[in-house]
Amino acid sequence: MKEYLLDNEEPEEEVMYDHYRLTVDPGQSSIRIDKYLANRIDNASRSRIQAAAEAGNILVNETPVKANYKIKPNDEIRIVMDYPRRELKIIPEEIPLNIVYEDDHLMVLNKPPGLVVHPGHGNYTGTLVNALAWYFKDLPLFNSEDPRPGLVHRIDKDTSGLMVVAKTEQAKNKLALQFFEKTTERRYQALVWGIPKENEGTITGNIGRSLKNRQVFMVFPDEDYGKHAVTHYKILKEIGYVSLVECRLETGRTHQIRVHMKYINHPLFNDSNYGGDKILRGTTFTKYKQFVQNCFKLLPRQALHAKTLGFEHPVTGEKMLFDSELPEDMEVVIEKWENYIANRND
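Fair warning: this is a prediction, and the values are worked out from it, not measured in the lab.

Turning our attention to the overall build of the protein chain. Regarding its fold elements, the protein chain presents 7 helices and 17 strands. Counting across all 346 residues of the protein chain, residues that qualify as buried make up 51%. Total accessible area on the protein chain is roughly 16500 Å²; 47% of this is exposed by carbon and sulfur atoms.

Taken together, the side chains of Glu 325, Glu 328, Glu 331 and Glu 335 define an acidic patch exposed on the protein surface. Of the residues examined, Glu 331 reaches a relative accessible area of 35% and is grouped as partly exposed.

So, about the environment of Lys 197. Tracing the chain through its elements places Lys 197 in the loop between strand S10 (185–193) and strand S11 (200–204). Note on Lys 197: relative accessible area 84%, which makes it exposed. In sequence terms Lys 197 and Ile 235 are 38 residues apart; their C-alpha atoms lie 9.9 Å from each other.

This brings us to helix H2 (residues 46–54). Burial in H2 covers these residues: Arg 48, Ile 49, Ala 52 and Ala 53. Taken end-on, H2 shows its buried residues confined to a sector of 145 degrees, consistent with a single buried face. The exposed residues of H2 that point more than 90 degrees off its buried face are Ser 47 and Glu 54. Backbone geometry just downstream of H2 places Gly 56 in the positive-phi region, at approximately 80 degrees.

Below, the discussion takes up the environment of Tyr 20. As for its position among the elements, Tyr 20 is in strand S2 (residues 17–23). As a C-alpha pair, Tyr 20 and Ile 77 span 57 residues in sequence and 8.1 Å in three-dimensional space.

Inspection of every chain in the model, using the stated rule, returns 14 salt bridges. Of the charged contacts in the structure, one is a salt bridge between Glu 62 and Arg 78, with a shortest N-O distance of 3.2 Å. Of the two residues, Glu 62 is situated in the loop between strand S3 (58–60) and strand S4 (63–64) and Arg 78 in strand S5 (residues 76–82); the sequence distance between them amounts to 16 residues. Ionic pairing is found between Glu 246 and Arg 187, a salt bridge with its closest N-O pair at 3.1 Å. Of this pair, Glu 246 sits in strand S15 (residues 242–249) while Arg 187 sits in strand S10, and the two are 59 residues apart along the sequence. One network of salt bridges, with partners in common, ties together Arg 154, Asp 156, Arg 258 and Asp 271.

About the cut-offs
Residues numbered from 1 in each chain as written. Predicted model: local features only at pLDDT ≥ 70, side-chain atom pairs only at ≥ 80, totals over all residues. Heavy atoms only, no water. Helix = DSSP H or I, 4+ residues; strand = E, 2+ residues; numbered from the N terminus. Buried < 20%, exposed > 50% of the residue type's maximum accessible area, 1.4 Å probe, protein only. Areas by Shrake-Rupley, 256 points an atom, 1.4 Å probe, with all protein chains shown as cover. Patch = residues over 30% accessible without salt bridge, like charges linked within 9 Å, V, L, I, M, F, W, Y side chains within 5 Å. Salt bridge = Lys/Arg side-chain N within 4 Å of Asp/Glu carboxyl O. Lys, Arg positive; Asp, Glu negative; His and termini not counted. Charge placed at Lys NZ, Arg CZ, Asp CG, Glu CD. Arc of directions from axis to C-beta.

In structure tokens, the structure reads:
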């Protein structure tokens, strides 16, 4: 039997599920697949497995099966499940949510910069999950023992933008499978230093933790280290010493956009982890330096926004596509750059 657990580090847009692949032993007797999997996967109750089957997230030889399917020798099994419950009590908090869309099955919201998505080390309150626990306190899916209720993906604390949240187990499982199979549409906009040579292009390079600083990530030419990552970019606007670019994720690695843009020498504006909080393009004039520092104060984070989100509705099958405006801090800084370039004397 072979079993592979998908690495769930914290990518730019982390998917909130476990993924397993198993091969049934040649001598295995025929039993229900939910029983078989419950005996072989840690922290996987039969009810959790049955929920995955109900959502179509258990595939045998690439065909979805129900929980009562009887396994056969050499069957290739693939299962995608939401994260198991963990012992961390969530405190519901009345935190305002910018809700873009909501129905009985899901909600799409626009996360502001600075809001941590789920509780973790140093952030046990004041997170999006705390806000969701309050807003959905009467829904069965949202209970105080689940630190990630309804989440199928997440974005960084200092990245703003669109997220989808499930309101039922069925919706959660079906959305998780879409993120895993990369059938969702996710487009970001970023303000970066400089102007890329090509108007649009593709950045490919394995991403892994830096060997010198475990808090950041980098591109490794050696394919034996890091994880395969692909980012497609397009210049939307050239503004003198900076550019507004659109980035489309083909993969979802840790800090992928930030790492890939630095890799091609165009770090995100004011990205302190990847060198974007220094003046990387422009002049040596004092007036220019003061202008950039003022922009840093107006935009005290990496200039990155999850602008577009598309997926298939987990119940109706309807194609859902949402778009959002850039947040005020990015809009203000872009406008200041446009005015500075238009009126510069250097």
